[in-house]
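Here is how the chains run, residue by residue.
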Amino acid sequence: MQKKNITKPENDLPDTEHLRELVDQKLSRYFGLTSIKEASKEQIYNAVLLTVKDILAQKRTEFKKSVKAQKAKKIYYLCIEFLVGRSLKNNICNLGLTEEFNDILKDSAASLEDLCDLEPDAALGNGGLGRLAACFMDALTTLDYSATGFSILYEYGLFKQRIIDGNQVELPDEWMPMGEAWLVPRQDKKCIVKLGGHVSEEWHDGRCEIIHTGYEEIQAVPYDMMVSGADSHAVNILRLWQANETKTFNMNLFSQGQYVKAMEESSNAGIISKVLYPADNHVEGKLLRLSQQYFLVSASLQSIINDHLASYGSLDNFAEKVAIHVNDTHPALVIPELMRVLIDVYSYSWERAWDTVTAVVSYTNHTVMPEALETWNEDLFALRLPRLHMLIKEINRRLSQDLWSVYPGDWDRIARMSIICDGQIRMANLSVVGSHTVNGVSKLHSDILKKTIFHDYYKYTPWKFTNVTNGIAYRRWLCYSNPGLAALLDETIGPEYRHDSSKLADFAKYADDKTVLDALENIKKQNKRDFADYLYARNGLKIDPDSMFDVHIKRMHEYKRQLLNVLRIISVYVDLKNDPTLVIPPQTYIFSAKAAPGYYMAKQIIKLIYFLSQEVRSDKRISSMLNVVFVEDYNVSVAEHLIPSADVSEQISLAGKEASGTGNMKLMINGALTIGTLDGANVEIRDAVGDKNIYIFGHTTEEVDELWKKGYNSMLYYNQHPKLKQAIDALIPGFSGTQFADFVKYLIAGQGISDPFMCLADFDSYYLVHDRMEKDFADRDSWNRKSLINIAGAGIFSADRSIEEYANNIWHIKPVKKNG
């Protein structure tokens, strides 16, 4: 791993007095103020933000000079979402200017923490996919690679979640008014994206010309968000595309009083960049999602090619100087779109264009569930993207021809590997065929890909497949979010770990040091008190900071098995209710997650958690020992407060369903102990910390497959385990006056498959291991030792390590050195 200067930033940065001058200049210029003492919090926030933005812009100018001088190969990272969170604190910490800004602000109306709290979370992502992309941009920049992220500038993002009477209510997440200050509009880089219309061929002098008519034009306007790295030379950008109408405002209609029609004409295009993941349970939603994906790909590819031509004047060395990464299948249209541009615009032959595409594009898969793999109805696709439909058909024809030569007569295999089959376009198959490398995101996940959904492709092109286990921006999640723990690490092992995460392993030397273990205990206690205060101020919820914090923070989904966790809690609650003499150590179960707007079962699980929580809190005796809370509107900022306080990390997906997970890594590096199945990156966490420092339960992937083959019968488990039976039986009368009999049908009495994610099959094992874990928690020295071992073992899960594997083995890019 690269070693960097950890005491001083690599670039010259302003000292405290110069920074003070810069902030004062902003206050004077934009607000007419002569002193920071006169300024409000909002005015100071804007002045500090603009100052940081100017520093980053200057650093970026210097970095671009180095990139140009060294003719560095560039990586372009395409993802439908980037969950960046707040930027002010992260940028100031990365620049190493925290002390300087604290000094400047000490006589003002706001502390640095106050200013950071004013910033909204940028609503550009949903969960693990978007957060991973943000972590990777952080690591790419820290390690001085030339990188650009591409996504869409969602005006309202996913949604702001409110829980009203147990029901999830989705509200617009209006983050732009305070958050757009980080964005740099680039009107000079805008371009046109064409949707729909008709495509025909005309031949001139032996050359086929593609004629596209009747299309809809969308203007794509880029807004650049600068991405800082920790003490890095590099400053990269995340380019976000806003969709605008190309037609001028129809003043004629407006003057005639047809106001609504005039406004509709001018705002139709803007729908593309309004909301992340619009509901797609109707044709209009599917068309919008497809339009979003092509909009992202077409605009980004125009930017990439223009950037390359500006540097080299030719596409002859495009494959040598450009790497394009497809993060999940949403940007997979870059494959046929690059074919279209090379063939239709630059007159490449098919063979030359295909060689270029497959040399440039690489693909990360993020799901092992066949039902989650993107497909598009072929007729709908042809309607919206007629030229790309033609190209995909030709890619598929050539693929089928090649497969026939290898597997003559094997129609079933060729049908499975086909990109188009039964009127559906399979985006995962397109991604594999059009990429030079395909990776999974944990060792287990990559193995499952090769054995299941991509097995045929693995047998056909085994050299394409590899693994890169996910990683996290550990400086953000440890150093910046948990300063108490970071200070202890600085004191014990020195600050080198801040730029070389493998140095965290040195912390294991203190596993039997009573002084260090006590310090770790006190840091966790303070973090729990801080989160309890934060939660009460934010949501009015009271929790006991002296209780065990058991944290389950995931996207709300059946395979994440929040329901399994709730069933065990219900069983404990029923025991407490039935036996007034029963006493258990205080424990608080903290859930936080968003459910997709159209996902009925996920919303019902939220409702169950809510009403169980209400009933538990209504009993004074029980609530002194057991508490259940649902923290609404989970986002990066909530996670930054919650994760350092966690004692227990719930990673309990059904084995074989979770690709990797990164929440497990964030919780681990902050000292939480994992209770989980052998799924995703949990396998590698166990390898890193040893069996004694993690709580593994449940069926393995192979055992799950065997259960399905034998014929899974959830009723058997219901009848065999009294604790499970009492939990399920309690669902019928329900909690706080709300019945949950539908869950009984879902788990044991439904038509078709009951308990599709085997909550009942794993319940007994989960219950017993949880019981053992709670007993271990009472032995504070032993628990703190386990916590320390987890922190020491977390270094391998750094995004820096992930990015170096991508850079060396997939993208073949090198860091950009500082000129001179």
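Residues numbered from 1 in each chain as written. Predicted model: local features only at pLDDT ≥ 70, side-chain atom pairs only at ≥ 80, totals over all residues. Heavy atoms only, no water.

## Topic: the overall build of the protein chain
- A count of helices and strands for the protein chain gives 35 helices and 23 strands.
- What you see for the protein chain is a C-alpha radius of gyration of 27 Å, in line with the 28 Å of a compact globule of 820 residues.
- Considered along the principal axes of its C-alpha atoms, the protein chain spans approximately 95 × 75 × 65 Å.
- Expressed as a percentage of its 820 residues, the buried residues of the protein chain come to 59%.
- Of the contacts made within the protein chain by residues no fewer than 6 positions apart, 77% connect residues no fewer than 24 positions apart.
- Summing over all exposed atoms, the protein chain offers an accessible surface of approximately 32500 Å²; the carbon and sulfur share of this is 50%.
- Each charge class in the protein chain was averaged separately, 92 positive and 107 negative side chains, and the resulting centres sit 2 Å apart. (Helix = DSSP H or I, 4+ residues; strand = E, 2+ residues; numbered from the N terminus. Rg over C-alpha atoms; globule rule 2.2 N^0.38 Å. Buried < 20%, exposed > 50% of the residue type's maximum accessible area, 1.4 Å probe, protein only. Contact = heavy atoms within 4.5 Å. Areas by Shrake-Rupley, 256 points an atom, 1.4 Å probe, with all protein chains shown as cover. Lys, Arg positive; Asp, Glu negative; His and termini not counted. Charge placed at Lys NZ, Arg CZ, Asp CG, Glu CD.)

## Concerning the pairing of strand β1 (residues 74-78)
- Within β1, five of the five residues are buried, which leaves it mostly tucked inside the rest of the structure.
- Burial along β1 is two-sided: Lys74, Tyr76 and Leu78 facing one way and Ile75 and Tyr77 facing the other are all buried.
- The pairing of β1 with strand β11 (residues 322-327) spans five bridges and is parallel. When the sheet's bridge partners are listed, Leu78 is paired in β11 with Val326.
- Relative to strand β2 (residues 147-152), β1 runs parallel, the two being bridged by four bridges. Paired with Ile75 across the two strands is Ala147, which belongs to β2. (Pairing = 2+ DSSP bridges.)

## With respect to the environment of His18
- Topologically, His18 is positioned in helix α1 (residues 16-31).
- Distance in space between the C-alpha atoms of His18 and Gly197 is 57 Å, their sequence separation being 179 residues.

## Overview of helix α3 (residues 88-95)
- Most of α3 sits inside the fold, with seven of its eight residues counted as buried.
- Every buried residue of α3 is accounted for by Leu88, Asn90, Asn91, Ile92, Cys93, Asn94 and Leu95.
- Considering only its buried residues, α3 is in contact with α2 (41-70), α4 (98-105), α5 (112-118), α6 (128-142), β9 (216-228) and α20 (474-480).
- Count one or two residues on from α3 and you reach Gly96, which has phi positive near 75 degrees.

## Examining the confidence of the model for the protein chain
- Summary statistics for the protein chain give a mean pLDDT of 94 and a share of 96% for residues scoring 70 or more.
- For the stretch residues 1-11, pLDDT sits under 50, and the model shows 34 contacts to residues farther than four places along the chain or on other chains. (pLDDT = per-residue confidence, 0-100.)

## Comments concerning the pattern of salt bridges
- For the structure shown, the criterion picks out 50 salt bridges.
- Glu394 is the partner of Arg398 in a salt bridge, and the nearest nitrogen-oxygen pair spans 2.7 Å. With Arg398 and Glu394 both in helix α15 (residues 386-406) and four residues apart, this pair spans about one turn of that helix.
- Across the pair Arg785 and Asp512 runs a salt bridge, and its minimum N-O distance is 2.9 Å. (Salt bridge = Lys/Arg side-chain N within 4 Å of Asp/Glu carboxyl O.)

## Description of the side chain of Glu658
- Among the secondary structure elements, Glu658 is positioned in the loop between β21 (648-651) and α27 (663-669).
- In terms of polar contacts, Glu658 uses its side chain to reach the side chain of Tyr559, at 3.5 Å.
- Ignoring anything within four residues of it in the chain, the contact list for Glu658 reads Lys554, Tyr559, Lys560, Ser653, Asp679 and Gly680. (Polar contact = N/O pair within 3.5 Å; in protein donor to acceptor, adjacent residues only side chain to side chain.)

## With respect to unusual backbone geometry
- The backbone of Asp422 shows a phi angle near 55 degrees, a positive value even though the residue is not glycine.
- Its place among the elements puts Asp422 in the loop between β14 (420-421) and β15 (424-426).
- Positive phi, normally seen in glycine, also occurs at Ser736, with a value near 50 degrees.
- In this fold, Ser736 is placed in the loop between α31 (722-730) and α32 (741-749).
- The class of Ser736 is partly exposed, set by a relative accessible area of 33%.

## Observations regarding the sheet that holds β15
- The three strands lie next to each other as β13-β15-β14, forming an open sheet whose pairing is antiparallel. Taken across any chain shown, the strands that pair with only one partner, and hence form the sheet edges, are β13 (375-377) and β14.

## A closer look at a negative patch on the surface
- Together, Glu702, Glu703, Asp705 and Glu706 make up a negatively charged patch on the protein surface.
- As for its placement among the helices and strands, Glu702 is situated in helix α29 (residues 701-710).
- Its relative accessible area of 53% is what places Glu702 among the exposed residues. (Patch = residues over 30% accessible without salt bridge, like charges linked within 9 Å, V, L, I, M, F, W, Y side chains within 5 Å.)

## Topic: helix α34 (residues 780-792)
- In this model α34 runs 18 Å from its N-terminal to its C-terminal C-alpha over 13 residues, within 8% of the 18 Å that 1.5 Å per residue would give.
- Taken together, the buried positions of α34 are Trp783, Asn784, Lys786, Ser787, Leu788, Ile789, Asn790, Ile791 and Ala792. (Expected span 1.5 Å × (residues − 1).)

## A few points about the packing of aromatic side chains
- In the structure shown here, the tally under the stated rule is 23 aromatic pairs.
- An angle of 70 degrees between the planes, with centres 6.4 Å apart, marks the rings of Tyr77 and Phe82 as edge-to-face.
- The exposure class assigned to Tyr77 is buried, which follows from its relative accessible area of 1%.
- When the centroid spacing of 5.8 Å and the interplanar angle of 40 degrees are considered together, the rings of Tyr712 and Tyr717 count as tilted.
- Overall, Tyr717 belongs to the buried group, its relative accessible area being 16%. (Phe/Tyr/Trp six-rings, centres within 6.5 Å; stacked < 30°, edge-to-face > 60°.)

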